[in-house]
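Chain residues, written in single-letter form:
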Amino acid sequence: MHRRLLSIRKEAGLPEEISALRVFDVIAWMDGKNRGLGDWVNPLTGEDDTSRG
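In this report, we go over the structure that sits alongside the text.

Procedures and definitions
Residues numbered from 1 in each chain as written. Predicted model: local features only at pLDDT ≥ 70, side-chain atom pairs only at ≥ 80, totals over all residues. Heavy atoms only, no water. Axes fitted to C-alpha atoms, helices over the stretch in contact; angles between N-to-C directions. Helix = DSSP H or I, 4+ residues; strand = E, 2+ residues; numbered from the N terminus. Parallel < 35°, antiparallel > 145°, perpendicular 65-115°, else oblique. Contact = heavy atoms within 4.5 Å. Expected span 1.5 Å × (residues − 1). Buried < 20%, exposed > 50% of the residue type's maximum accessible area, 1.4 Å probe, protein only. Arc of directions from axis to C-beta. Salt bridge = Lys/Arg side-chain N within 4 Å of Asp/Glu carboxyl O.

It is worth spelling out the packing of helix 1 (residues 2–11) against helix 2 (residues 20–35) at this point. With their axes 9 Å apart at the nearest point, helix 1 and helix 2 run at an angle of 80° to one another. As summarised for this structure, helix 1 and helix 2 are arranged roughly perpendicular, according to the angle between their axes. On helix 2, the residues that touch His-2, Leu-5, Leu-6, Ile-8 and Arg-9 of helix 1 are Ala-20, Val-23, Phe-24 and Ile-27.

Pasting the structure below:
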């Protein structure tokens, strides 16, 4: 999985400073958003962040 995430990072033209974990994080977030799995909630305030679309 790690190699695949690094491959995705390279295909996206992202710098090596972006970790494989961050690539996975963004993919998981995008998948959840596309599935309509709920609104994003700010973990510090507990408030909905409606600015994220």
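Turning our eyes to something else, we now look at helix 2. Counting along an α-helix, one turn takes 3.6 residues, and residues three or four places apart therefore face a common direction. Over its 16 residues, helix 2 runs 23 Å from end to end, which matches the ideal 22 Å to within 8%, given 1.5 Å per residue. Taken residue by residue, helix 2 has Ala-20, Val-23 and Gly-32 as its buried positions. Considered in projection along helix 2, the buried side chains sweep an arc of 165° and stay on one side of the axis. Along its buried surface, helix 2 packs onto helix 1. Just downstream of helix 2, Gly-36 is the residue with a positive phi angle, here 70°.

Counted under the stated rule, the structure contains two salt bridges. Between Glu-11 and Arg-4 there is a salt bridge, and its shortest N-O distance comes to 3.4 Å. With relative accessibility at 48%, the residue Arg-4 sits in the partly exposed group. A salt bridge links Asp-25 to Arg-22; the shortest N-O distance between them is 2.4 Å. A residue pair is termed a helical-turn pair when its members lie 3 or 4 positions apart in one helix, as Asp-25 and Arg-22 do in helix 2 at three residues. Using a relative accessible area of 44% as the deciding quantity, one classes Arg-22 as partly exposed.

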